Amino acid sequence: MADLQKARAVVDSFPDPETGRPLGAMEQVRAVQERDGRLAVEIALTSWAAPLRDETLAELREVIAAQSDWEAEKVEVTATELDRPAEKLGQIGVTAKSVIAVGSGKGGVGKSTIAAAIAFGLRNAGAKVGLMDADVYGPSVPHLLGITERPTASDGKLQPIEAHGLRAISMGLMVPAGEAVVWRGPMLHGAVTQMLRDTEWGDLDYLLIDMPPGTGDIALTLSQLLPLTGAVVVCTPQDVALLDAVKAIAMFRKVKTPVLGVVENMSVFVCPECGVSHDIFGSGGARQKAAELGVPFLGTAPINVDLRRRGDDGRMAEAYDDDAIAAPLLEITRNTVRRIIDRRGGAAATPSLPVL
Ligand code: ADP
C-alpha cells in the first residue's frame, strides 16, 4: 500500500506557480486521498496561474510519482479555483499581480498585435487582464479590439472599456480620431501617469502595457510609477529591426526593467495555398540576437494574413479561433508566464527556459 503521508508531504512542498511558495504553506492543498487504490489530489490555483494550469498539474503528478511510491498512472491531480486578489502595486496603487511592458525598437513590427495576442492568450485561459495602450503616438489598441466608445469617469476615476473580456484603456479613445497630438516630455509623462493611476482597473492578474516604439521616456516614467514585472521586446527578423530591438533591450535595462524575452514576429510566411514556409525577411535572427544578448527567446509568430485581417477589422479577439494562428501565440503567452516564474526563483512546475 502506497504511503499517503509521503504523497501529502510532496504536494505540500510543491511551489504555487504564482507565489513560488509551497502549496502547503499557502493552504492550497484541498485533498490527498486514496480512492479505490488510486491517489486523488486536489489543489487550489489562482486565475493568475491559469495559463499554466495543465502543465502545473502534470508536473505535480510527475513529482509525486518520482518522490513517493505512487505510480504516475494511479495519481489524479485536479485543481479548484482559488480567489486571491492582487495587492496594490507601488505608490500608484494599481491592483495587478504582474505588469508587463511590450516594447519594440521601431514601429510596425507588430508590437500592438503581440501585446493584444498575449492579453487574449492570458484571458482565454481564465486570467483577469488589463491592456493599457501607452503608445500615445500611434494608439492601435482601440483599432485592434474594435472599440470606439469613450471611457466614462466616475468618482474621479476613468472606467476602462470592457472589450471581449479585457479591460482596456487608450489615449486613442480620449483624443478625437485624426487629431494629431504633439506630445512633449512632461505632457507625455502626465498622460501615461493619468492613464495608469486614474483608471479603475479593478483586481487584475496581468496588466499589459503597449509601449510606444523606441523612446525611453515612457519606460522611465513607468519604471518610476510602479514595479514593472518585466518587458517583452517584439522585433522582426530583418537586420535593421534587430538593431532597433537591441536598443529597446538596452533601454529597458537602463531603467532597470527586467527583459522577459524577445518575440520574433512575422518570421516566416506559411503559404495558405501550398503550406510551404517562406522566409520573407529571413528568420531565426531574433533567436540568435537574443542568445548574443543573454536574453530568453519567447517564440515566433509567422506572417498570417488572417491575423492581419482580424487585427485590422477590430477582431483581434478572434485570433485564437484558428489553430494555425493560436498555437504560436499561445506558446509566446505561456513562455512569458514561465519567464516571470523563472525570474522569481522558479516553481518546479515550469521547466526553465534556456537563455539561448
Ligand atoms: P506596431 O505596434 O509595432 O506598430 P502593429 O501591431 O500595429 O505594429 O502591426 C502592424 C501591421 O502588421 C498591422 O497591420 C498588423 O495587422 C500586421 N501584423 C502584425 N503582426 C502580423 C503577423 N504575424 N502576420 C500578419 N500581419 C501582422
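What you see is a predicted model; the values in this text were computed from it and never measured.

(A) Quick peek at the overall build of the protein chain. When its secondary structure is counted, the protein chain shows 10 helices and 15 strands. Here the protein chain has a C-alpha radius of gyration of 21 Å; the compact-globule value for 356 residues is 21 Å, and the two agree. By its C-alpha atoms, the protein chain is 75 × 55 × 35 Å across when sized along the principal axes. A buried classification covers 52% of the 356 residues belonging to the protein chain. Long-range contacts, defined as pairs at least 24 residues apart, comprise 71% of the intrachain contacts of the protein chain with a sequence gap of at least 6. Counting every atom, the protein chain has about 15,600 Å² of accessible surface; 49% of that belongs to carbon and sulfur.

(B) How the structure looks around the sheet that holds strand 3 (residues 75–82). Spatially, three strands are ordered 1-2-3 in an open sheet, and the strand pairing comes out mixed. Both outer strands of the open sheet, strand 1 (29–35) and strand 3, are each paired with one neighbouring strand and no more. In this sheet, adjacent strand axes meet at a mean angle of 20° when their direction is disregarded. In terms of strand pairing, strand 1 meets strand 2 (residues 38–46) through six bridges, oriented antiparallel. Of the residues in strand 2, the one forming a bridge with Q33 is A40. Across the face of the sheet, helix 1 (residues 4–13) comes into contact with strand 1 and strand 2 while running at roughly 155° to strand 1. Helix 2 (residues 53–67) rests against strand 2 and strand 3 of the sheet, and its axis sits at about 140° to strand 3.

(C) Region of the structure containing the pattern of salt bridges. Scanning the entire structure with this criterion turns up 20 salt bridges. Between D210 and K111 there is a salt bridge; the shortest N-O distance is 2.7 Å. Remark: K111 occurs in helix 3 (residues 111–125) and D210 occurs in strand 11 (residues 204–210); sequence separation between them is 99 residues. Judged by its relative accessible area of 0%, D210 is buried.

(D) Spotlight on the site of the ligand. In the vicinity of the ligand, 15 residues are found, and the nearest of them are G108, K111, S112, T113 and N265. In this structure, G110 approaches the ligand through a main-chain N or O atom, which is 3.0 Å from an oxygen atom. Contact between the ligand and N265: a nitrogen atom at 2.9 Å from a side-chain N or O atom of the residue. Considered on its own, the ligand offers 560 Å² of accessible surface; in the complex 82% of this is hidden by protein.

(E) Region of the structure containing the side chain of D210. There is a polar contact of 2.7 Å between the side chain of D210 and the side chain of S112. If we skip the residues at most four places from it in the chain, D210 touches V102, K111, S112, A115, M132, D133, A134, D135, S140 and V141.

(F) Quick look at the domain arrangement of the protein chain. One can read the domain layout of the protein chain as domain 1 (4–82) and domain 2 (88–344). The C-alpha-based centres of domain 1 and domain 2 are spaced at 33 Å. Opposite the 10 residues of domain 1 that make contact, domain 2 presents 15 residues. When the two sides are added together, the surface that domain 1 and domain 2 hide from each other amounts to roughly 1,100 Å², 58% of it contributed by carbon and sulfur.

(G) Layout of helix 3. Helix length check: helix 3, at 15 residues, gives a terminal C-alpha distance of 21 Å against a target of 21 Å (1.5 Å per residue), a fit within 8%. The element helix 3 is extensively covered by neighbouring structure, given that 11 of its 15 residues are classed as buried. By the burial criterion, the buried members of helix 3 are K111, S112, I114, A115, A116, A117, I118, A119, F120, G121 and L122. Note on helix 3: the residue one or two positions beyond its end, G126, has a positive phi of about 120°.

(H) Structural detail: the packing of aromatic side chains. For the coordinates displayed, the defined rule picks out one aromatic pair. Residues W48 and Y206 carry aromatic rings whose centres are separated by 5.3 Å and whose planes lie at 20° to one another, so their mutual orientation is stacked. You can see W48 sitting in the loop between strand 2 and helix 2 and its partner Y206 sitting in strand 11, a full 158 residues away along the chain. By relative accessible area, Y206 is classed as buried at 0%.

(I) Highlighting helix 9 (residues 305–312). Of the positions making up helix 9, those classed as buried are L307, R310 and G311. The arc that holds the buried residues of helix 9, viewed along the axis, is 100°, so those residues lie on one side. Sitting at the amino-terminal end of helix 9 is N304, which places a side-chain oxygen 2.8 Å from the backbone nitrogen of D306. Among the residues trailing helix 9, G314 stands out with phi positive, at a value near 75°.

About the thresholds
Residues numbered from 1 in each chain as written. Predicted model: local features only at pLDDT ≥ 70, side-chain atom pairs only at ≥ 80, totals over all residues. Heavy atoms only, no water. Helix = DSSP H or I, 4+ residues; strand = E, 2+ residues; numbered from the N terminus. Rg over C-alpha atoms; globule rule 2.2 N^0.38 Å. Buried < 20%, exposed > 50% of the residue type's maximum accessible area, 1.4 Å probe, protein only. Contact = heavy atoms within 4.5 Å. Areas by Shrake-Rupley, 256 points an atom, 1.4 Å probe, with all protein chains shown as cover. Pairing = 2+ DSSP bridges. Axes fitted to C-alpha atoms, helices over the stretch in contact; angles between N-to-C directions. Salt bridge = Lys/Arg side-chain N within 4 Å of Asp/Glu carboxyl O. Near = heavy atom within 4 Å. Polar contact = N/O pair within 3.5 Å; in protein donor to acceptor, adjacent residues only side chain to side chain. Domains from an automatic or database assignment. Buried area = accessible area lost by both parts, 1.4 Å probe. Expected span 1.5 Å × (residues − 1). Phe/Tyr/Trp six-rings, centres within 6.5 Å; stacked < 30°, edge-to-face > 60°. Arc of directions from axis to C-beta.

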